[in-house]
Amino acid sequence: MPIMQNAPSARPIALITGITGQDGSYLTELLLSKGYEVHGLVWRPSDLDISFIKPLANNPEITGKTLFFHYGDLADGQTLRRTFQEVTPQEVYHLGGQSHVGRSFEIPESTCEEVGMASLRLLESSRALAGSVKIYLASTAEVFGAAAETPQTEETKFRPTSPYGCAKAFMTQISRVYRESYGIFVCNGILYNHESPRRGEAFVTRKITRTVAAIKLGLADKLTLGNTQSRRDWGHAQDYVRAMWMMLQHSRPDDYIVATGVTHSVQEFVEAAFAVVGLPWEKYLVTDSALERRLEPTQLVGNPAKIQQTLGWRAGHSFEELVREMVQADLADLASKNAEAVPSK
Ligand code: NAP
Ligand code: G4F
């Protein structure tokens, strides 16, 4: 995939880190549909071939015209600064970095480096840019961890329970310092779990829908999970990337909770997913304590009143619609891959 430099453009210019991830791919589609020129920081070139950005990256009507890729690691401050200077973005959406909470216990140093220090590097690169740049930072409900109150608001105290949550808390707080000290337009979206057919398979919802689809197609015979009593406030990624864009269109930079305000347990997600394919969950669900985390956040549920009242944001998908969409997408994907694997007579 060639790396393209941007030509002078009348379109608004956005730079996305983590463009190959779940949110990055949906955000790219949203911004392109709004007439933006989109630049994506790609960490590993091979990602373009396997990520959900591939259809756009392979479309000659888009790539090199309104969509451009730049290779760079978030650990590399030089590259980050150079990319900023080449692209001169008006809006930056910083979505890149290790995003798995459980994994952050295994690789705490690199998680804190990618999530915490890389965000500081990005703020420094923005400070060096002449002109105004608006920045979105991907904060998370994990900053609340052992939550001091339920539901959480923008004022709730940070009490993270994972290395990932600590790194995101640092990012959120240092960016507030930069906003107040240097007048940088930076917004933190404190996002609760958001899912879609593009969710990574290591996260519980996609693990469930992928395995349920595989069981339905006769490709698997059990679903093994850790803590099924754990509850999450689950929304749809497409609604949440819309919230990111809305934050940067407002006249004043601020931080916003993005959540549905409703929780479901992992067990409820499992039951809903098996109901889509008409199979009894009791026959297939197995729990394994080795998959449980050392420490879990308690009662993570967000109060989205501020973003609803200030920006007019609303979630557009129900829990049931989300589960159905994910199961059906996995059924279609696995069925087509399976058909490819079996030579036709
Ligand atoms: P994701 O699918 O895991 O995407 C993360 C992206 O970052 C991927 O493109 C990944 O590339 C890239 N990346 C990882 N390490 C990098 C590095 N060192 N340098 C450059 N890029 C790197 O995550 P997501 O669900 O889209 O979430 C987007 C952001 O929102 C993340 O920062 C996440 O922590 C945060 N967030 C997510 C949720 C949620 O429920 N989804 C909620 C709150 C906050 P590879 O694919 O090659 O690893
Ligand atoms: O799907 P999960 O791995 O997501 P988690 O830990 O809530 O983190 C996600 O949401 C955060 C926002 O709240 C983001 F900041 C973060 O980047 C990420 O997107 O786990 C959800 C729950 C946990 O309680 C976990 O213990 O599911 C439980 N679970 C039970 N069995 C499992 C499994 N999680 C995973 N990944 N795999 C299991 O087998």
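Only a predicted model underlies this, so the values are computations on that prediction, with no experimental measurement involved.

**Brief notes about the overall build of the protein**
The helix and strand tally for the protein stands at twelve helices and 13 strands. Its C-alpha atoms give the protein a radius of gyration of 20 Å, within 12% of the compact-globule value 20 Å for 345 residues. A principal-axis box enclosing the C-alpha atoms of the protein has dimensions of 60 × 55 × 40 Å. Each of the 345 residues in the protein was classed as buried or not, and the buried ones make up 52%. Residue pairs at least 24 apart in sequence account for 79% of intrachain contacts in the protein once pairs closer than 6 positions are excluded. Taken as a whole, the protein presents about 15300 Å² of accessible surface, with 51% of it coming from carbon and sulfur. Side chains of the protein carry 35 positive and 39 negative charges; the gap between the two charge centres is 1 Å.

**Topic: the pattern of salt bridges**
Under the counting rule described, the total for this entry stands at 16 salt bridges. Linking Arg210 and Asp333 is a salt bridge whose minimum nitrogen-to-oxygen distance equals 2.9 Å. One end of the pair, Arg210, is in helix H8 (residues 204–216); the other, Asp333, is in helix H12 (residues 319–341), with 123 residues separating them in the sequence. The network of salt bridges with common partners includes Glu201, Arg206, Arg210, Asp330, Asp333 and Lys337.

**Considering the site of ligand 2**
Contacts to ligand 2 come from 22 residues, most closely from Ser99, Thr140, Asn193, Ser230 and Glu296. Contacts to ligand 2 include Ser230, whose side-chain N or O atom sits 2.5 Å from an oxygen atom. Contact distances for ligand 2 include 2.6 Å between an oxygen atom and a side-chain N or O atom of Arg293. Compared with its free state, where it exposes 710 Å², ligand 2 has 95% of that area covered by protein.

**Considering the packing of aromatic side chains**
Under the criterion given, the structure shown has eight aromatic pairs. Both rings, one in Trp234 and one in Phe269, keep their centres 5.3 Å apart while their planes meet at 65 degrees; by these two values the pair is edge-to-face. With Trp234 in the loop between strand S9 (231–232) and strand S10 (235–236) and Phe269 in helix H10 (residues 266–277), this pair connects stretches of sequence that are 35 residues apart. Arranged with centres 5.7 Å apart and planes meeting at 80 degrees, the rings of Phe269 and Phe319 form a pair that is edge-to-face.

**A look at the side chain of Arg179**
In this structure, Arg179 sits in helix H7 (residues 163–182). In this structure Arg179 comes out as buried when scored by relative accessible area, which is 15%. The contacts of Arg179, once residues within four sequence positions are left out, are Ile184, Val186, Cys187, Pro253, Asp254 and Asp255.

**What to know about H7**
One turn of the α-helix equals 3.6 residues, which is why residues spaced by three or four share an orientation. With 20 residues, H7 should cover 28 Å at 1.5 Å per step; its first-to-last C-alpha distance of 28 Å lies within 8% of that length. Every buried residue of H7 is accounted for by Pro163, Tyr164, Gly165, Ala167, Lys168, Ala169, Met171, Thr172, Ile174, Ser175, Tyr178 and Arg179. Looking at the buried positions of H7, the neighbouring elements they touch are helix H5 (101–106), helix H6 (108–128), strand S5 (134–140) and strand S6 (185–191). Of the residues one or two after H7, Gly183 is the one with positive phi, at around 70 degrees.

**Concerning unusual backbone geometry**
A cis geometry characterises the amide bond from Thr150 onward to Pro151, with omega recorded as -5 degrees. For Pro151, the position within the fold is in the loop between S5 and H7. In this model, Thr88 sits at a positive phi of 40 degrees, which is unusual for a non-glycine residue. When you line up the elements, Thr88 lands in the loop between helix H4 (77–87) and strand S4 (91–94).

**Some details on the pairing of strand S1 (residues 13–17)**
Burial analysis of S1 places five of its five residues in the buried class, which makes it a mostly covered element. Here S1 shows two buried faces, one formed by Ile13, Leu15 and Thr17 and the other by Ala14 and Ile16. Note that S1 and strand S2 (residues 37–42) share five bridges and pair parallel. Note that in S2 the partner of Leu15 across the bridge is His39. Handedness of the crossover joining S1 and S2 through helix H1 (residues 22–33) is recorded here as right-handed. Across four bridges, S1 lies against S4 in parallel orientation. Bridging from a neighbouring strand, Ala14 pairs with Glu91 of S4.

**Some points on the nonpolar core**
Of all hydrophobic cores here, the largest spans 39 residues; its most connected members are Leu31, Tyr93, Tyr136 and Met247. Take this core: its biggest share by element is nine residues, from helix H9 (residues 237–249). Once you skip the residues sitting within four places of it in the chain, Met247 turns out to touch Tyr136, Phe185, Cys187, Asn188, Gly189, Tyr256, Val258, Ile307 and Leu311.

Reading the values: the criteria
- Residues numbered from 1 in each chain as written.
- Chains lettered and ligands numbered in written order.
- Predicted model: local features only at pLDDT ≥ 70, side-chain atom pairs only at ≥ 80, totals over all residues.
- Heavy atoms only, no water.
- Helix = DSSP H or I, 4+ residues; strand = E, 2+ residues; numbered from the N terminus.
- Rg over C-alpha atoms; globule rule 2.2 N^0.38 Å.
- Buried < 20%, exposed > 50% of the residue type's maximum accessible area, 1.4 Å probe, protein only.
- Contact = heavy atoms within 4.5 Å.
- Areas by Shrake-Rupley, 256 points an atom, 1.4 Å probe, with all protein chains shown as cover.
- Lys, Arg positive; Asp, Glu negative; His and termini not counted.
- Charge placed at Lys NZ, Arg CZ, Asp CG, Glu CD.
- Salt bridge = Lys/Arg side-chain N within 4 Å of Asp/Glu carboxyl O.
- Near = heavy atom within 4 Å.
- Polar contact = N/O pair within 3.5 Å; in protein donor to acceptor, adjacent residues only side chain to side chain.
- Phe/Tyr/Trp six-rings, centres within 6.5 Å; stacked < 30°, edge-to-face > 60°.
- Expected span 1.5 Å × (residues − 1).
- Pairing = 2+ DSSP bridges.
- Right-handed = clockwise from strand over helix to strand, strands pointing away.
- Core = buried A, V, L, I, M, F, W, Y, C linked by side-chain atoms within 4.5 Å.

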